[in-house]
Amino acid sequence: MSAPGSVFQRVQKFLFSKDLIRYVCSTHFWGPVSNFGIPIAAVMDTKKDPLLISGPMTGSLILYSLVFMRYSMAITPKNYLLFGCHFVNECAQLTQGFRYLNYWHLGGREKSLAEGSPSN
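Treat the numbers as computed from the prediction; the structure is a model and nothing was measured.

Colleague: Looking at this model, I keep getting lost on the overall build of the protein. Mind explaining?
Modeller: A count of helical and extended segments in the protein gives seven helices and zero strands. For the protein, the succession of helices and strands along the chain, N to C, is α-α-α-α-α-α-α. Judged by the C-alpha coordinates and their principal axes, the protein covers about 65 × 35 × 25 Å. Burial status across the protein gives 28% buried among its 120 residues. Taking the contacts inside the protein whose residues are at least 6 apart along the sequence as the reference set, 66% of them involve residues at least 24 apart. Surface accessibility of the protein: about 8,500 Å² in total, with carbon and sulfur atoms responsible for 70%. Charged side chains in the protein number 11 positive and 6 negative. The centres of these two groups are separated by 16 Å.

Take a look at the structure:
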């Protein structure tokens, strides 16, 4: 077993290393961080009325995230933060896509009208 201070020292050494500073100052870090607004919005939209979901836009965002998940693994060095961002977005958009299909094509709209819901 290692000495108690050694784990802390390794973490401290990593946090103040030139490699971490170089990574945080790169587009490999700030690109995905700024892009996380899309999946955050998509996750928050899962609580909204399915009437508001745009089918074509949801389909476009599903394809967009698939392409960029692949891109994040194809580039050198691999960008796991970008992959994670688009993975979260892919899951949220698939959820929205299912909600759209359920509402417009699988009887969800008729069910909500029968229950007297304010959705049209």
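So much for the structure itself; the text now carries on.
Colleague: What should I look at first to understand the pattern of salt bridges in this one?
Modeller: When their charged atoms lie close together, side chains carrying opposite charge are able to pair. Counted by the stated rule, this structure contains one salt bridge. Across the pair Asp45 and Lys48 runs a salt bridge whose closest N-O atoms are separated by 3.3 Å. On the basis of relative accessible area, Asp45 is assigned to the partly exposed category, the value being 27%. The partly exposed category is assigned to Lys48, whose relative accessible area is 46%.

Colleague: I would appreciate a short explanation of the packing of aromatic side chains in the present structure.
Modeller: For any pair of aromatic rings, the description consists of the separation of the ring centres together with the inter-plane angle of the planes. Taken as a whole and assessed by the stated rule, the structure comprises four aromatic pairs. Arranged with centres 6.3 Å apart and planes meeting at 15 degrees, the rings of Phe83 and Phe87 form a pair that is stacked. Residue Phe83 and its partner Phe87 are both found in helix α6 (residues 80-105); the two are separated by four residues, about one turn of the helix. Using a relative accessible area of 43% as the deciding quantity, one classes Phe87 as partly exposed. Measuring from ring centre to ring centre gives 5.1 Å for Tyr103 and Trp104, while their planes differ by 85 degrees; the resulting arrangement is edge-to-face.

Colleague: What should I look at first to understand a nonpolar patch on the surface in this one?
Modeller: Where nonpolar side chains cluster on the molecular surface, the patch consists of Val7, Val11, Phe14, Leu15 and Phe16 and spans about 520 Å² of accessible area. Mapped onto the elements of the fold, Val7 is located in helix α1 (residues 4-15). Classification of Val7 as partly exposed rests on a relative accessible area of 44%.

Colleague: It is not clear to me how the side chain of Glu90 should be interpreted in this structure. Could you clarify?
Modeller: Residue position: Glu90 is located in helix α6. One buried charge, Glu90, has no salt-bridge partner; the nearest side chain with opposite charge is Arg70, at 13 Å. Setting aside residues up to four positions removed in sequence, Glu90 forms contacts with Leu61, Ile62, Ser65, Leu66 and Met69.

Cut-offs and rules
- Residues numbered from 1 in each chain as written.
- Predicted model: local features only at pLDDT ≥ 70, side-chain atom pairs only at ≥ 80, totals over all residues.
- Heavy atoms only, no water.
- Helix = DSSP H or I, 4+ residues; strand = E, 2+ residues; numbered from the N terminus.
- Buried < 20%, exposed > 50% of the residue type's maximum accessible area, 1.4 Å probe, protein only.
- Contact = heavy atoms within 4.5 Å.
- Areas by Shrake-Rupley, 256 points an atom, 1.4 Å probe, with all protein chains shown as cover.
- Lys, Arg positive; Asp, Glu negative; His and termini not counted.
- Charge placed at Lys NZ, Arg CZ, Asp CG, Glu CD.
- Salt bridge = Lys/Arg side-chain N within 4 Å of Asp/Glu carboxyl O.
- Phe/Tyr/Trp six-rings, centres within 6.5 Å; stacked < 30°, edge-to-face > 60°.
- Patch = residues over 30% accessible without salt bridge, like charges linked within 9 Å, V, L, I, M, F, W, Y side chains within 5 Å.

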